Each structure stands twice: as structure tokens, then as C-alpha cells.
Amino acid sequence: MVTSAASFQLHGPEDPVSPVILSVPHAGRDYPLPLRAALRVPLAALRPLEDRHADDLAIAARGGETLFVARRARAWIDLNRAEHERDPKLDDGASPKSQPLSAKLRSGLGLVPRRVATAGDIWQRRLTGEEVGARIAADHRPYHAALAGALKAARDRFGIAVLLDIHSMPPLGAPETAPRIVLGDRFGRSASSRFLGRLEGVARAHCIASAINAPYSGGHILDRHADPRKHIHAIQIEFDRSLYLDERLDLPGPGFAAAVRALKAMIEAVADEALPAAIAAE
């Protein structure tokens, strides 16, 4: 079953039938007209901000799990940033004195991205506080509320919930030497190590080099939703785009089916690891 809200699509049941919940926050390809009108760069220049077709990867890999896929483009609002991560160089509603500026925010990758590394500054004007506030209310908060509700429902039913937050990354180096999957658990704060161990094992079984927390340890989604002490775990999975896209890193390529199999095996391994708690809760 697929249902849609303004900001996201829900694949699968609203009441989870698995302790594993899936999220794809950065693959949205909906660029609203107000965004297009305010750009100083061609729309294609925003593509590096997308986790290109990571949604198709997750949709193909899921079984009965509940999956949330963001519809809005990351350039509109970044669901993996906290509401306070508003850029004072772009957003009139930012309050720089209330929170220290993170490294991501200083580099222009805040709640609303200010720039793209390959194209420079995105916007031809500043954004009003009201504009950004409307995006928070319409897109950011509904996504997180739905995700939190599904995790709570899964934990209440199975005694445990595990969020797999699915992303993609540019190649980190030569395929022969660089990791092609990066697993992030906020340096041990967002998930039990046993889940990371199972995911590493799947990567090895599929002959895919992996790394943990370097260079990506996870972001706001893990910080906000993970609480291992209350049996809610969360892990970010970054797939090298060259694993599943074509040579231009634009469309699904010859490796797509193999990447789907690897992700499907990861989902199943995490569900299997969570199963003892789930059985005990039934």
C-alpha cells in the first residue's frame, strides 16, 4: 500500500508489521515553484544534493516493512537537520546566538541548504523567516511526527524498533580500496553494536567494503529518533551511488539489482537480530 502526504509517501502499513522501519529523507525530486523562482543556478545544479534514486533502491528492497520516502527535494528543506539549524547567511528567521553553528551549517548545508559544492550559492535572494517556517510546518514536522509514530508503534508491538535511514554518497575513492557502504550509529549512541555487526556481515557476504561512522556517522534523524535505552535503535546506511546508478550517477544502472539484494539482506538481518525481543513481546 502506498499513501501520500504533501511531504512524503508511506509505503506499507501505517501500523508496522515488522520491528524494522525504513526512511529515505534525501531522495525527493519535487522542486516546488517558489524554489524554482528563487534560484540563481540551473535546477540541474541542485542534483548533487539528492540521494539520487535511493528511494527506488529502498522501495525495491522492502518486504512488508513500513517505509517513509520524502517527496520534497532536499534543496527545499533538509529533513536530516534540526529545526534550529537555520542559516543566518540565508534565512531571516535564523537565531545564530541561540545555538552554536555546526560544521554543516557553516558550510552552507543547514535546514535549507544555501549552497552546493559544485555550483556555489543556490539562491538569488534571502529567505524570509515566514517562508522557512512554512516549510518546517508543512514538510519537516509531518515527516518526523509520522516517523516517530511508526517507531513507537513498532516498539509497543514488538518490544523493539530499529530505524534504517537510507542515504547515498558520492564515491569515496577507487572501488578497489574505498568503502562503498558506510554505516553510521552516532559513534555508538544510536544503536546497539549487535545491529552494526549484522550489517557489516551482510556487506562482507555481498563483497562490498564497508566502514563505520567515517566519514558519515548519521545526523538529526538518528539524534532525534534513536533511544536505545527505550529499545528504539537507529542506523544510517550510505550506499556509494556507483553501486546502483549508471556511469553518470543519474539513473539506475547495471548494479541496481545487486544493490537491492544487499539492502534486502540487511533489512532481513536486522529483523532477525531484533526477533528475540519481538517474540518475547508477543
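Every value quoted in this text rests on a predicted model; they were computed, and no experiment measured them.

Criteria and cut-off values
- Residues numbered from 1 in each chain as written.
- Predicted model: local features only at pLDDT ≥ 70, side-chain atom pairs only at ≥ 80, totals over all residues.
- Heavy atoms only, no water.
- Helix = DSSP H or I, 4+ residues; strand = E, 2+ residues; numbered from the N terminus.
- Rg over C-alpha atoms; globule rule 2.2 N^0.38 Å.
- Buried < 20%, exposed > 50% of the residue type's maximum accessible area, 1.4 Å probe, protein only.
- Contact = heavy atoms within 4.5 Å.
- Areas by Shrake-Rupley, 256 points an atom, 1.4 Å probe, with all protein chains shown as cover.
- Lys, Arg positive; Asp, Glu negative; His and termini not counted.
- Charge placed at Lys NZ, Arg CZ, Asp CG, Glu CD.
- Pairing = 2+ DSSP bridges.

(A) Spotlight on the overall build of the protein. Tallying secondary structure elements over the protein gives seven helices and ten strands in all. Relative to the globule expectation of 19 Å for 282 residues, the C-alpha radius of gyration of the protein, 18 Å, shows essentially globular dimensions. Oriented by its inertia axes, the alpha-carbon framework of the protein measures out at about 55 × 40 × 35 Å. With 282 residues in all, the protein has 52% of them scored as buried. Sequence separation of 24 or more characterises 79% of the internal contacts of the protein that already satisfy a separation of 6 or more. If you sum the accessible surface of the protein, you get close to 12100 Å²; carbon and sulfur atoms cover 54% of it. The positive charge centre, built from 37 side chains, and the negative charge centre, built from 34, are 4 Å apart in the protein.

(B) Seen up close, the pairing of strand β3 (residues 20-24). Burial runs high along β3: five of the five residues are buried. Direction of pairing for β3 relative to strand β7 (residues 161-169): parallel, over a ladder of four bridges. In the sheet register, Leu 22 faces β7, and the bridge partner there is Leu 164. Summarising the sheet, β3 and strand β4 (residues 66-70) pair through four bridges and their orientation is parallel. Its bridge partner lying in β4, Ser 23 is registered against Phe 68.

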